[in-house]
Amino acid sequence: MELVQAGTTLREAYLAAMKAHFPFENKPLPEKFFTTAQYNTWMEFTYNPTQKSVLAYAHAIVDNGYAPGILIIDEGWHIHYGIWEFDFVKFPDPKAMIDELHALGFTVMLWIVPYVTADGRAFLEHYEPYVSELMHKEYKPRLVRDANGEICLLHWWNGFSAVLNMTDENDREYLDGRLQYLMQTYGVDGFKFDGGNIASLRAECWITAPPKQSPEELNKAWNDFGARYTYHEYKDTYDRGGRATIQRIRDRHHSWQEEGLETLVPIAIMQGLLGYPYVCPDMIGGGQWWFNLDPKFKCDEELFVRMAQCSALFPMMQFSWAPWRMLGKSAQKLCLQAAKLHVKFADKIVDCVNQAMQSGEPVLRSMEYAYPHQGYERVFDQFLLGENILVCPVVEQGAREKRVFLPQGKWQYCDGTVYDGGVEIVVDTPLSVLPYFEKIFS
């Protein structure tokens, strides 16, 4: 691999890499992704959402003062993987449910994966041409196959399944038909495209018939397929920098350090440098479902609030655990305050997103990116939203003050105090405060 030097700063190096390897397609995204908090049923109901519980959750969002936004009905709404039809026991009237959600002001997305349960109608519809080849001389290959040409059963987090091959036109048409049916029949607005990660698409399951597709190529095809839908979400994307796709950080733990809160800003900075500026942190409180299985689990209210605050000035923020169920009244108010702060900054966030579409630069930027060679290269607990909003979330348990590196210029703190930059300061950070500054231009 050849090492290429471009410029003398991180920003110059990024811009050169972006132009050479992942130029931006300048495709608009719906502002609704960015103007309010998003909501996901996963941590509330995991595998068992129902029509009744989803509607109760949506009404509670509004009743507790949150602005309606995108609502993702996560796993468990469907019958077998690959058929993609509502489970009518859980959801007896999905159209009425979605009509009601729309009337409340929500945009509704459904969770899907490219996996197909290895029995039932969806699997047989794909498998049957192979066992009846003489009757189907015009068929094209469907599903990922192993080295022997047999349909490959891959191990993923819910067991063993066949996998749609999204490099194949037939499989793309099959899934598009199912999704269009959901949109036209029930009024679904879009989809969360989960799975399709390279780790599940292991090398022994490469397609051997020409052309040979690698797990990376299958992953890219999965991402390209979903990007055709106006409302979408991904979290397992490879080599698709510069595309106008919504990317959520992978599942975080309900913890301060290991795979928890303190990882959100560094990961978001990294994603921006890889060409994914439209980044949503994981579900507030953490998105690892096994916490719901532990009878001894106790929600850390301080952590929950600090996660909400950290997310508030990201391009997007997403709730799943309901603050009104998980938290006491004081912490509930602080989470609502964080959601309202995001709404307050919505116009500025949308401006930053639109600028990123034009320039290809990250929405969320590291200190070193924006102010090079000033000793900020290891500062990963604060970031800039665009060029003029400095956000310094508290990511340390029990901290009630925050050391802040203020770059050159004049900066107005969230309490109205104006500081001259180029200094290091310490600000008070009671649990009610997310420290942020806005640059002042005289």
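Check the entry above for the structure.
Let us look at the structure shown here.

What counts, and at which threshold
Residues numbered from 1 in each chain as written. Predicted model: local features only at pLDDT ≥ 70, side-chain atom pairs only at ≥ 80, totals over all residues. Heavy atoms only, no water. Helix = DSSP H or I, 4+ residues; strand = E, 2+ residues; numbered from the N terminus. Expected span 1.5 Å × (residues − 1). Buried < 20%, exposed > 50% of the residue type's maximum accessible area, 1.4 Å probe, protein only. Arc of directions from axis to C-beta. Contact = heavy atoms within 4.5 Å. Salt bridge = Lys/Arg side-chain N within 4 Å of Asp/Glu carboxyl O. Pairing = 2+ DSSP bridges. Right-handed = clockwise from strand over helix to strand, strands pointing away.

1. Describing helix α13 (residues 346-359)
Then, in step 1: In this model α13 runs 20 Å from its N-terminal to its C-terminal C-alpha over 14 residues, within 8% of the 20 Å that 1.5 Å per residue would give.
Then, in step 2: Residues of α13 that are buried include every one of A346, I349, V350, C352, V353, A356 and M357, and no others. Along the axis of α13, the buried positions cluster into a sector of 160°, meaning they face one direction only. For α13, exposure combined with an orientation more than 90 degrees from the buried face picks out D347 and Q358.
Then, in step 3: Tucked into the core, α13 has its buried residues touching α2 (32-35), α10 (301-312), α12 (329-344) and β13 (383-385).

2. A closer look at the pattern of salt bridges
Then, in step 1: Scanning all chains against the criterion turns up 21 salt bridges.
Then, in step 2: With a closest N to O distance of 3.0 Å, E233 and R248 form a salt bridge. In this pair, E233 is assigned in strand β8 (residues 231-233) and R248 in strand β9 (residues 247-248), connecting sequence segments 15 residues apart. Here E233 matches R248 in class, with each residue buried.
Then, in step 3: D282 is the salt-bridge partner of R248, the closest N and O atoms lying 2.3 Å from each other. One end of the pair, R248, is in strand β9; the other, D282, is in the loop between β10 (279-280) and α10, with 34 residues separating them in the sequence.
Then, in step 4: Look at R248 and you get buried, because its relative accessible area is 2%.
Then, in step 5: For D282, a relative accessible area of 2% translates into the label buried.
Then, in step 6: Counted as one network, the salt bridges with shared partners bring together R11, E361, R365 and E387.

3. Examining the side chain of S311
Then, in step 1: As for its position among the elements, S311 is in helix α10.
Then, in step 2: Those residues in contact with S311 that lie beyond four places of it in its chain are P281, I284, M316, M317 and H342.

4. A word on the pairing of strand β3 (residues 107-112)
Then, in step 1: Of all 6 residues that make up β3, 6 are buried, and the element is covered over most of its length.
Then, in step 2: Judged by which residues are buried, β3 turns out to be covered on both faces: T107, M109 and W111 on one side and V108, L110 and I112 on the other are all buried.
Then, in step 3: When strand β2 (residues 70-73) meets β3, the two strands line up parallel, connected through 4 bridges. In the strand pairing of β3, I70 is matched with T107.
Then, in step 4: The handedness of the β2 to β3 crossover, carried by helix α5 (residues 94-104), is right-handed.
Then, in step 5: Alignment of β3 against strand β7 (residues 190-193), held across 4 bridges, turns out to be parallel. Residue pairing across strands places M109 opposite G190, the latter belonging to β7.

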